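Below, each chain spelled out in residue letters.
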Amino acid sequence: MPIILIFFLASGWSALVYQVVWQRVLFRVYGVDIHATTYVVTAFMLGLGVGSLLGGALSRRFPTHSIFLFGAFELGIGLFGLLSINLFEWVARFTAGTSDLFVACLSFSLLLLPTLMMGATLPILTGYASQRSKNVGQSVSQLYLVNTLGAALGAWSAGHFLLSALGLRGSSVVAAVVNLSLAIIVLLVWRRVSMPSNVQETQARIASA
Amino acid sequence: MNRSLALALSALSGFIALSYEILWFRTYGFLTEGSPQAFSDLMAAYLFGLTAGAFLSYWLSREDTAFQASALSTGGSRGLSPAYGAIEITVEEQTKGRFRRQVMILGVFIIGANLTGFLTVPAIAEGVHQYNIAEEWALPLFAVVAALLGTTFPLIAHFAIPPNRATGQSLSHLYAANIVGSTAGSLLTGLIALDHLSLQTCSVVLALGGLLLGGALIYSSRTNFSDRLITTAMVMLIGLHMILQSPPLFDRVYEKLLYGDGLSEGKRFQSIIEKAAGVVTVSPSGTVYGGGSYDGYFNTNPDPKFDGNRSLRAYLVPSIHPTPRDILMIGLGSASWLQILAEHPTVERVVVVEINPAYVEAARNSAIVASSIDHPKVEIVIGDGRRYLNAHQDKFDVIINNTIAYWRSHATNLLSRDYLELAKRHLKPRGIVYWNSTKSIAAQKTGAVVFPYLMRFQNMLIGSNHPINVNKTRWIQDLIAWKINGRFVLPRNAAFKIAQDVVAESPWKGEPPWESREEILDRLEDVPVITDDNMITEWSLKDTFP
């Protein structure tokens, strides 16, 4: 469990770095007027909400694959993060200066995939953790705690170090490297644990926990 | 706790939390004059608060492990759905008592969060005014309230969801409801309420809503009449007290945030215009502040004795472009430049793109510039300047950027190489971009790199694709002949003398007022160029010249 918490802290850190960076890029392209900014922020939150529902459904359907799902989503977030600035700028070439409604739809489309994956991770890990601790409040609190702590550190470090040192593109690459590293470690661990010889041992450990 | 109540509470707690965040961002942004770190700092404080709240709820839910586990196993043995509702059906007697206690705990947290949330803005304003506290000290206050708000979501999850294979899915519903509530809070409070209501009214309405919600939860957790009566009376008393105390608590709140301990007794703004896009305040002397930062002064008099906002720079325009017919002005500021330029005989059209409609309203209220807003040559567009340029193909003789201070959030949008290249594409032949570098050396270097022809006049930069000719004789002639609302701007008996004083090349803050592109490039050889990506003046390079 402690290692999961550390991973989830790192995941929260990179999520907020992305939020600060992506908002800046999209505000620049679609404007910093109140409507454009609201659409971008709303798109971010709605993506997290939809992702949460998806994560919940996956957690129920594949209760023994939580670690794999977490790793897969981190991989997806990292890959998107790596390409995000280029993608936003490419789309902006054709859509800058467009109508408010289109900005709303576009913001949602651009942010849906990564925020959906971010939103899915909390229910997935909660399902995994609460099965082990038998206490939902503790599991949610612990995961929510480390994730928001990571997010707080992400917001702070983006504003005070990353953007001044690396700019928008460099900051998003650093966040992507964090996600990709997490994904690789998590997926390697999952592969090791899910090998037939290790399954029984793991199940026994869970049962005795 | 049943599913519907849990979902509703989750959504409402998200609504309240995001609404507070928006009110705090307005306050903190005003206090920091729109610092680029304001968003990330506030976000960090808010999230640290949520972290503390999660820790508190972790502690509060420790004792329930055995109970939840037994509830699950009993519910499972009766073949019931293990999702929401298992607790109530399986251990009925215990559950009623526990349920009431849970609801009461939530009610107390919600009321506590809203009371402290209501007091946050006045407390910060008072701290800045009375004790001259640094702006960063506002952040722990935000975090404390966020901690109380942040406790509710994990507690709701703990009270409503049993631990089983459906836990993840059940949580996802609560989380989604929380996010739907947060989104609604962002839209309703940020987009609608702040456009029609003051910060004070929004704070009172939000706190009253939270008080009612918390009160209703405590009320429903009590079973006897006297407890319910006391709860109702307490809620009404607190609510009434909040309403009655809000005028003195919020009195001169923006003045306190702006002037701090320098605010004299009785001094208050001439006008405060609050819109969703931001707050514009006007001091008794006519100084305009946008989001707590200086943004101009109502004045069109170029006489150096009265020209506090150096409106002479606006009078210069026809002397650096021979026939300025079409002008694009990005940023209205005090509208003084608009008033001056709209009255010039060669000008046929001035398009003003302004993000915040509060500036237009402030200008309408000023006798000095009010007529410019409805001037037949003037077209005002409410929106983002870059977005306007991207959406329109129009070309202009003069593009004027009323730039915000280079270190403020989003200043890059009008100072970067990328923006200047965009503006350059919207120039007619021999057109000029005329913008305020706000003395930033990086802005001066960037302009010199983008334009093949460039000059600095005081803190302004003049960039063009063609050689720039400054006609000082015309400047004097124009000043003498210039009329606003049918009246000469300079007195007839001293017009020539004053015009000569205006044009005189007196040093600008100890340095020559004019500088060529080559001189700038020599002076700033090692200075980097501002780009959309590095946003260098916002985050790191704060050096100025002169």
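Residues numbered from 1 in each chain as written. Chains lettered and ligands numbered in written order. Predicted model: local features only at pLDDT ≥ 70, side-chain atom pairs only at ≥ 80, totals over all residues.

*Asks:* Sorry, what's going on with the interface of chain A and chain B here?
*Replies:* It is common to give the size of an interface as the accessible area lost on bringing the parts into contact. Listed as interface residues are 58 residues of chain A and, on the opposing side, 61 residues of chain B. Here the residues of the side of chain A that touches chain B are counted per class, giving 30 nonpolar, 23 polar and five charged. (Contact = placed C-beta atoms within 7 Å. Nonpolar A, V, L, I, M, F, W, Y, C, P; charged D, E, K, R; others polar.)

*Asks:* Before we go on, may I ask you to explain the sheet that holds strand 6 (residues 349–354) of chain B in this structure?
*Replies:* All names here are of chain B. With mixed pairing, eight strands are arranged side by side in an open sheet as 7-6-5-8-9-11-10-14. Unpaired on one side and paired on the other, strand 7 (378–382) and strand 14 (514–516) mark the two borders of the sheet. Each adjacent strand pair in this sheet contributes to an overall mean axis angle of 15°, direction not counted. As judged from the five bridges shared by strand 5 (residues 326–330) and strand 6, these two strands associate in the parallel manner. (Pairing = 2+ DSSP bridges. Helix = DSSP H or I, 4+ residues; strand = E, 2+ residues; numbered from the N terminus. Axes fitted to C-alpha atoms, helices over the stretch in contact; angles between N-to-C directions.)

*Asks:* Explanation requested: the domain arrangement of chain B in the structure shown.
*Replies:* Residue and element names in this part refer to chain B. Domain boundaries assigned for chain B yield domain 1 (3–256) and domain 2 (297–539). Look at where the C-alpha atoms of domain 1 and domain 2 centre, and you get two points 48 Å apart. Contacts between the two partners involve five residues from domain 1 and, on the opposite side, four residues from domain 2. Partitioned by chemical class, the residues of the side of domain 1 that touches domain 2 number two nonpolar, two polar and one charged. (Domains from an automatic or database assignment.)

*Asks:* For this particular structure, what's the right way to read the packing of helix 20 (residues 472–481) of chain B against helix 21 (residues 495–503) of chain B?
*Replies:* Two packed helices can be described by the angle between their axes and the distance between those axes. Residue and element names in this part refer to chain B. Look at helix 20 against helix 21: their axes get within 9 Å of each other, and the N-to-C directions meet at 135°. Considered as vectors, helix 20 and helix 21 are oriented oblique to each other. Here the hand of the crossing between helix 20 and helix 21 comes out right-handed. Packed against helix 20, whose contacting residues are Lys472, Trp475, Ile476, Leu479 and Ile480, the element helix 21 presents Ala495, Phe496, Ala499, Gln500, Val502 and Val503 at the interface. (Parallel < 35°, antiparallel > 145°, perpendicular 65-115°, else oblique. Left-handed = near helix turned anticlockwise from the far one by under 90°.)

*Asks:* Explain the nonpolar core here, please?
*Replies:* In summary, soluble globular proteins display a tendency toward joint burial of nonpolar side chains. Within the largest apolar cluster, 234 residues are counted, with the highest numbers of intra-cluster contacts made by Ala155 of chain A together with Phe142, Ile156, Leu338 and Leu341 of chain B. For this core, the element with the highest residue contribution is helix 5 (residues 136–193) of chain A, accounting for 22 residues. Three or more residues apiece are contributed to this core by two domains, here domain 1 (3–256) and domain 2 (297–539) of chain B. Not counting the four nearest positions on each side in its chain, Ile156 of chain B is found in contact with Ala6, Leu9, Ser10, Leu106 and Leu174 of chain B. (Core = buried A, V, L, I, M, F, W, Y, C linked by C-beta atoms within 7 Å. Buried ≥ 20, exposed ≤ 12 C-beta atoms within 10 Å, placed from the backbone.)

*Asks:* Teacher, can you tell me more about the confidence of the model for chain B here?
*Replies:* Atomic detail in the predicted coordinates should be set aside for any region of low pLDDT. Residue and element names in this part refer to chain B. Residue-level pLDDT values for chain B average 90, and 93% of them are 70 or greater. Within the model, pLDDT remains below 50 along residues 65–89, and this stretch shows 48 contacts once partners closer than five positions in the same chain are excluded. Reported for the predicted complex are a pTM of 0.89 and an ipTM of 0.85. (pLDDT = per-residue confidence, 0-100.)

*Asks:* Teacher, can you tell me more about the environment of Thr281 of chain B here?
*Replies:* Residue and element names in this part refer to chain B. Following the sequence through the fold, Thr281 ends up in strand 2 (residues 278–282). Between the alpha carbons of Thr281 and Glu255 there is a distance of 9.0 Å; along the sequence they are 26 residues apart. Once residues within four sequence positions are removed from consideration, Thr281 is found in contact with Tyr254, Phe269, Ile272 and Tyr289.

*Asks:* Just to check I follow, could you spell out helix 1 (residues 2–30) of chain A for this structure?
*Replies:* Since the α-helix turns once every 3.6 residues, residues separated by three or four places project in the same direction. All names here are of chain A. Helix length check: helix 1 (29 residues) gives 41 Å between terminal C-alpha atoms against 42 Å at 1.5 Å per residue, within 8%. Most of helix 1 is tucked away: 23 of the 29 residues are buried. Looking one or two places after helix 1, you find Gly31, whose phi comes out positive at around 105°. (Expected span 1.5 Å × (residues − 1).)

*Asks:* Would you mind going over the pairing of strand 2 of chain B with me for this structure?
*Replies:* Consecutive residues of a regular strand have side chains that alternate between opposite faces of the sheet. Residues and elements named next belong to chain B. Of all five residues in strand 2, five are buried, a share of seventy percent or more. The alternating pattern of strand 2 places Gly278, Val280 and Val282 on one face and Val279 and Thr281 on the opposite face, and all of these are buried. Counted along the chain from strand 1 (residues 271–275) to the antiparallel partner strand 2, the turn is two residues long. Pairing geometry for strand 2 and strand 3 (residues 287–290), over three bridges, is antiparallel. When the bridges of strand 3 are listed, Thr281 appears paired with Tyr289.

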